[in-house]
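# Commentary on secondary and tertiary structure
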Amino acid sequence: MMAGTNLERAVEDLPSLRGVFVTAMPDCLLYDSWTRPGEEWASDEAGAYFGDLVRANREALKSLGSWSAEMQVTIESADLLLVLRELRNDFVVTFAFDRTAALGMVRLQVKRTLSVLMDLLPRVEPEERPRGNRIYDYLLRYAPDPHAVIQRVALRTRIPLEQLEAPETLQEDQIASFEVCVKEILGVDNLHL
């Protein structure tokens, strides 16, 4: 969590704001969050998805030759207006506003709040985690039944279950087999790790 940065103070004057999620990149782990009293959101889970959502949008824009460091993702649902923005390469900040908030005012509030957060958030040098661990975490995040899928991967790759559950112990050939299997199970071409 953001020790000493007081996220609540940074967003206290935004009346239509329902929540803010700060996701540390590249691992898409929730760094900090703030929600209005009464909101019952799973902040850890949401933070991980928001980081992946920005990463996926960045890759999609790159494939169209239209990527920009100033990319902002806006999502409108029946009751929420979400704005996701990358802050440096370290963080993704997601703002959840009431759906009734005026989009122009939301953009202004996001811009002002990001400039405050830029000074509050530390520079993060990502720790390079073993690829096996990153693949394992990715699988658990996106698999519909994580326990069963790990057993399925063990059967398909012939890697013992105990070894899969300690992915830092995997050898290079096992990691390659593990990654191919995870891609097949999730139906994706790239894990974006």
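It should be noted that the structure appears before, not after, this text.
First, a word on what this report is: a plain description of the structure on this page. (Residues numbered from 1 in each chain as written. Predicted model: local features only at pLDDT ≥ 70, side-chain atom pairs only at ≥ 80, totals over all residues. Heavy atoms only, no water.)

Helix length check: helix α7 (residues 172-186) (15 residues) gives 21 Å between terminal C-alpha atoms against 21 Å at 1.5 Å per residue, within 8%. Within α7 the residues assigned to the buried category are Q174, I175, F178, E179, C181, V182 and I185. Along the axis of α7, the buried positions cluster into a sector of 165°, meaning they face one direction only. Counted as exposed and oriented over 90 degrees from the buried face of α7: E172, D173 and E184. Those residues of α7 hidden inside the fold are in contact with α4 (131-142), α5 (146-157) and α6 (161-164). (Helix = DSSP H or I, 4+ residues; strand = E, 2+ residues; numbered from the N terminus. Expected span 1.5 Å × (residues − 1). Buried < 20%, exposed > 50% of the residue type's maximum accessible area, 1.4 Å probe, protein only. Arc of directions from axis to C-beta. Contact = heavy atoms within 4.5 Å.)

Once that is clear, we can look at the pattern of salt bridges. Under the criterion given, the structure shown has 6 salt bridges. Between R18 and E39 there is a salt bridge, with the nearest N and O atoms lying 2.8 Å from each other. Of the two residues, R18 sits in strand β1 (residues 17-24) while E39 sits in the loop between β2 (29-35) and α2 (43-63), which places them 21 residues apart along the sequence. In this structure R18 comes out as buried when scored by relative accessible area, which is 15%. For E39, a relative accessible area of 21% puts it in the partly exposed group. (Salt bridge = Lys/Arg side-chain N within 4 Å of Asp/Glu carboxyl O.)

Interhelical geometry of α5 versus α7 gives an angle of 125° and a closest axis separation of 10 Å. As judged from the angle between their axes, α5 and α7 are oblique. Seen along the crossing, α5 lies across α7 with a hand that is right-handed. On the side of α5, the interface is formed by V149, R152, V153, R156 and T157, while α7 contributes S177, F178, C181, E184 and I185. Counted by class, the contact of α5 with α7 contains 5 nonpolar, 2 polar and 3 charged residues. (Axes fitted to C-alpha atoms, helices over the stretch in contact; angles between N-to-C directions. Parallel < 35°, antiparallel > 145°, perpendicular 65-115°, else oblique. Left-handed = near helix turned anticlockwise from the far one by under 90°. Nonpolar A, V, L, I, M, F, W, Y, C, P; charged D, E, K, R; others polar.)

Inspection of the entire model under this criterion finds 4 aromatic pairs. Grouping aromatic residues by their ring pairs yields a cluster made of F21, W41 and F50. (Phe/Tyr/Trp six-rings, centres within 6.5 Å; stacked < 30°, edge-to-face > 60°.)

Turning next to the nonpolar core. Among the nonpolar cores identified, the biggest contains 23 residues, and L17, V20, V22, V93, F95 and F97 are the most heavily contacted of them. Broken down by secondary-structure element, the contributors of at least two residues to this core are α1 (7-11), β1, β2, β4 (80-87), β5 (91-98) and α3 (103-120). Once residues within four sequence positions are removed from consideration, V93 is found in contact with V20, F21, V22, V83, L84, R85, L87, L114 and L117. (Core = buried A, V, L, I, M, F, W, Y, C linked by side-chain atoms within 4.5 Å.)

We now examine the sheet that holds β2. What the 5 strands build is an open sheet, ordered β2-β1-β5-β4-β3; its pairing is antiparallel. Across the chains shown, the open sheet's two edge strands, defined by having one partner strand only, are β2 and β3 (72-76). Pairs of neighbouring strands in the sheet enclose a mean axial angle of 15°, with direction left out of account. Of the pairings in the sheet, the one linking β1 to β2 comprises 6 bridges and is antiparallel in character. From the neighbouring strand, T23 faces β2, where its bridge partner is L30. (Pairing = 2+ DSSP bridges.)

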